[in-house]
Amino acid sequence: MARRTVWKPRIPRQLIALLNLINHYPILRAAVKSFSERFNQFKMYSDNFSFLYNIGELQKITNDDLMKSCLDLQNYLSDGELYDIVASELYEELLVFRHTMKEDSTPIEALKHSVFKNNSWCFYIFPNIVISLRILLTIPITSASAERSFSKLKIIKNYLRNTISQKRLTELATIAIENETANTLNFMDVIELFASKKSRKKF
């Protein structure tokens, strides 16, 4: 008896791609929304801190543009009537400070240059510049490092380690997160140091 062949319609690849796109549209929409929010944050960050990030090129900025940047930064770093910096003071400090920096200077070099350090004390020569640069250098670009830290905590503190102390959890998390540094340690030295502190026998 002859075997009957079942006819199957051939679906064009373009139609398959379109159907897959429709099926995954909520995921794509969420991804686009997430990227838009992230880029808006980057734009806000760039609009307010770009003149400090390129601090070596402050001499090329006109005084009016510099004052406008200082005012924008003051508004960005304000909470109601509370201000982290004062725009007029920051402007006056930058007028003097920009003549002491090289064109290829980085914000870290500028921060070191703006603080006078002695053996036992330090003096903020340009307090508003110091505050602005510290905020600039401590704003995280992404949340990946924080997310990795929480992922490590989930791995370390499982149901078998439910009663682990906070101190031990912090130490294990630090070792797991800073694994590159931990791999460079000489464990024999660590073991000898641990044994010398825990040894009860005195010779």
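This text gives an overview of the structure that appears in the document. (Residues numbered from 1 in each chain as written. Predicted model: local features only at pLDDT ≥ 70, side-chain atom pairs only at ≥ 80, totals over all residues. Heavy atoms only, no water.)

A rise of 1.5 Å per residue sets the reference length of helix 6 (residues 127–138), with its 12 residues, at 16 Å; its end C-alpha atoms lie 17 Å apart and thus fit the reference within 8%. Along helix 6, the positions that sit buried rather than exposed are N128, I129, V130, S132, L133, I135 and L136. (Helix = DSSP H or I, 4+ residues; strand = E, 2+ residues; numbered from the N terminus. Expected span 1.5 Å × (residues − 1). Buried < 20%, exposed > 50% of the residue type's maximum accessible area, 1.4 Å probe, protein only.)

Time to look at a negative patch on the surface. Judged by side-chain charge, E57, E103, D104 and E109 come together as a negatively charged surface patch. The residue E57 is located in the loop between helix 2 (25–53) and helix 3 (63–76) in this model. (Patch = residues over 30% accessible without salt bridge, like charges linked within 9 Å, V, L, I, M, F, W, Y side chains within 5 Å. Areas by Shrake-Rupley, 256 points an atom, 1.4 Å probe, with all protein chains shown as cover. Salt bridge = Lys/Arg side-chain N within 4 Å of Asp/Glu carboxyl O. Lys, Arg positive; Asp, Glu negative; His and termini not counted. Charge placed at Lys NZ, Arg CZ, Asp CG, Glu CD.)

We now examine helix 3. Its 14 residues give helix 3 an end-to-end C-alpha distance of 20 Å, which sits within 8% of 20 Å, the value for a rise of 1.5 Å per residue. Inspection of helix 3 places L66, C70, L73 and Q74 among the buried residues, and these make up the whole buried set. Looking straight down helix 3, one finds its buried side chains confined to an arc of 100°; they lie on one side. Projecting away from the buried face of helix 3 at angles above 90 degrees are the exposed residues D64 and K68. (Arc of directions from axis to C-beta.)

This part covers the packing of aromatic side chains. Applying the stated rule across the entire model yields three aromatic pairs. On the numbers, 5.2 Å between centres and 70° between planes, the contact of F97 with F126 is edge-to-face. Taken as a pair, F97 in helix 4 (residues 87–97) and F126 in the loop between strand 4 (122–124) and helix 6 lie far apart in primary sequence, 29 residues in all. The rings of Y45, F49 and Y76 are connected pair by pair, giving a single aromatic cluster. (Phe/Tyr/Trp six-rings, centres within 6.5 Å; stacked < 30°, edge-to-face > 60°.)

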